[in-house]
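The lines below spell out each chain.
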Amino acid sequence: MAKITNVGIMTSGGDAPGMNAAIRAVVRTALYHKLDVYGIRHGYQGMINGDIFKMQTTDVSNIIQRGGTILKTARSREFMTASGMKKAYDEICRHNIEALVLIGGDGTFRGADEFFGKYSVPAIGIPGTIDKDLSGTDFTIGFDTAVNTAMEAIDKIRDTAEAHDRLFIIEVMGRDAGYIALNSGIAGGAEDILIPEEVTDIEEVLSRIDSDELRKKTVHLIVVAEGDDFGGAKELQAAITERFPLLDVRSCILGHIQRGGSPTFADRVLASRLGHAAIRALIEGKTQMMAGIINNEIVFTPFSSVVKNTMPVNADMTEIIRVLSH
Ligand code: F6P
């Protein structure tokens, strides 16, 4: 492979806290190795529109602690078409971009797998999504921050739930994945956690509330992932109120609050390691792979293998919820 001299970088899909730290690491590592770096704004859509600019080291000053992404992000429908991909390729060529670093989640790598299979531009991915729904990595950038945000919200809800002896349902993000629910729920001491990976048995959920009533437990917190098969907080609240009309039930949808905020140290360090590794990988001639972290080591996995983690939920976690909420 010819030596690369110009690298493009973009963020795509839902933003995640720590994406800025990853951009900083990519830009600074590339400049350290005497590569020119081009920022692509608004993900694949910006690639199509040619929204591309040359980046200097000062462009990434003072961003390591900031949520969001200075490169902006988008979910592009046009990129999913053959003509959109062709336009994107033409713009990359027009800017002499010879290799790319993509920061995003499953949608980003699904697009990348198709695009880079068709047009041979070397590309390395960095997992950036609060959902952690990718294989090839133990953690994704933004997950730790999002879980901490959800946990802090659950703690606050517990205070008011306890003051009123209320049952609270807290809906967290995760369209297809329950990692945020599972981890924030365990960390927040929830009585029940409902996730898309497991079929929800509503009778079981209701019987657990019933037995709590008998034991005079004053707080009952249920954390539900937005993508749970039974439904979200509203559906659950309706079912509980129908069965227990005298119970004081409230629900709270945390929503996009989980996507913002200053990244935790874990996300900043992960982003810095993966950003550094991505540029090193491109220099070494790797392509069409995502840099991930497994057992604290950097590993590379082909784009085609990382989309949609179908790994079953760790049985220990499910057991822990039952035992510790007893
Ligand atoms: O993929 C991350 C995520 O935050 C999901 O958990 C959520 O379902 C989705 O993005 C929300 O997307 P949007 O910001 O486009 O509404």
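Quick note: structure is the one above.
Source: prediction; values computed, not measured. Counting restarts for each chain, with residues numbered from 1 along the sequence as it is written. For this predicted model, a pLDDT threshold of at least 70 governs which residues receive local features, and a threshold of 80 or more governs which side-chain atom pairs are given and counted, while totals over whole chains, interfaces and linings are taken from all residues. To obtain the side-chain values, all non-hydrogen atoms of the structure were used and water was disregarded.

A.B. asks: So, the site of the ligand: which residues are in play, and what are the values?
C.D. replies: Within the structure, the ligand sits among Arg 75, Ile 130, Asp 131, Met 173, Gly 174, Arg 175, Glu 226, His 256 and Arg 259. N or O atoms within 3.5 Å of each other form a polar contact, as long as, within protein, one can give a hydrogen and the other can take it, and as long as residues adjacent in sequence are counted only when both atoms are side-chain atoms. Here an oxygen atom of the ligand and a backbone polar atom of Gly 174 are 3.3 Å apart. Take Arg 259: an N or O atom from its side chain is 2.9 Å from an oxygen atom of the ligand. Looking at which domains feed residues into the shell around the ligand, each of domain 1 (6-142 + 263-308) and domain 2 (145-259) supplies at least three. Being near a molecule or strand, for a residue, comes down to having at least one heavy atom within 4 Å of it. Domain extents, as shown, originate in an automatic or database domain assignment.

A.B. asks: I'd like a description of unusual backbone geometry, backed by residues and values.
C.D. replies: Here the phi dihedral of Asn 96 falls at roughly 55°; this positive angle occurs in a residue that is not glycine. Here a helix means four or more residues in a row that DSSP labels H or I, a strand means two or more in a row labelled E, and each is numbered from the N terminus. Relative to the elements of secondary structure, Asn 96 occurs in the loop between α3 (82-94) and β4 (99-104). Here the phi dihedral of Gln 288 falls at roughly 50°; this positive angle occurs in a residue that is not glycine. As for its position among the elements, Gln 288 is in the loop between α9 (265-283) and β10 (289-294).

A.B. asks: Explain the pattern of salt bridges to me, using residue names and the numbers behind them.
C.D. replies: Any Lys or Arg side-chain nitrogen located within 4 Å of an Asp or Glu carboxyl oxygen qualifies as a salt bridge. Tallied over the full model, the rule gives 14 salt bridges. Arg 259 is the salt-bridge partner of Asp 15, the closest N and O atoms lying 2.7 Å from each other. Of the two residues, Asp 15 sits in the loop between β1 (6-11) and α1 (19-32) while Arg 259 sits in the loop between β9 (249-253) and α9, which places them 244 residues apart along the sequence. The two residues Asp 15 and Arg 259 agree in class, both being buried. The salt bridge involving Asp 192 is made with Arg 208; its shortest N-O contact spans 2.9 Å. Whether a residue is buried, partly exposed or exposed follows from its accessible area with a 1.4 Å probe, protein chains only, as a fraction of its type maximum: under 20%, in between, or over 50%, in that order.

A.B. asks: Give a description of the sheet that holds strand β3 (residues 52-55) that names residues and reports values.
C.D. replies: Paired through their backbone hydrogen bonds, the strands of a sheet run either parallel or antiparallel. For two strands to be treated as a pair, DSSP must find at least two bridges joining them. Within the open sheet, the 7 strands sit side by side as β3-β2-β1-β4-β5-β10-β11. Their pairing is mixed. What marks the edges here is a single partner per strand, and that holds for β3 and β11 (297-302). Neighbour-to-neighbour, the strand axes of this sheet turn through a mean angle of 30°, independent of strand direction. Across 4 bridges, strand β2 (residues 36-40) lies against β3 in antiparallel orientation. Here the axes come from fitting lines to C-alpha atoms, over the contacting stretch only for helices, and the angles between their N-to-C directions go from 0 to 180 degrees.

A.B. asks: Got a sec to walk through helix α4 (residues 106-118)? Specific residues and values, please.
C.D. replies: In this scheme, a helix's expected span is set at 1.5 Å multiplied by one less than its residue total. Across its 13 residues, α4 extends 19 Å between first and last C-alpha, which sits within 8% of the 18 Å expected from 1.5 Å per residue. Taken together, the buried positions of α4 are Asp 106, Thr 108, Phe 109, Gly 111, Ala 112, Phe 115 and Phe 116.

A.B. asks: Explain a nonpolar patch on the surface to me, and be specific about the residues and the numbers.
C.D. replies: Taken together, the side chains of Ile 320, Val 323 and Leu 324 present a nonpolar region at the surface, about 280 Å² in accessible area. Tracing the chain through its elements places Leu 324 in helix α11 (residues 315-324). For patch detection, residues must exceed 30% relative accessible area and be free of salt bridges, and they are connected within 9 Å for like charges or within 5 Å for nonpolar side chains (Val, Leu, Ile, Met, Phe, Trp, Tyr). Calculation of accessible area relied on Shrake-Rupley with a 1.4 Å probe; when residues are assessed, cover is drawn exclusively from the protein chains displayed.

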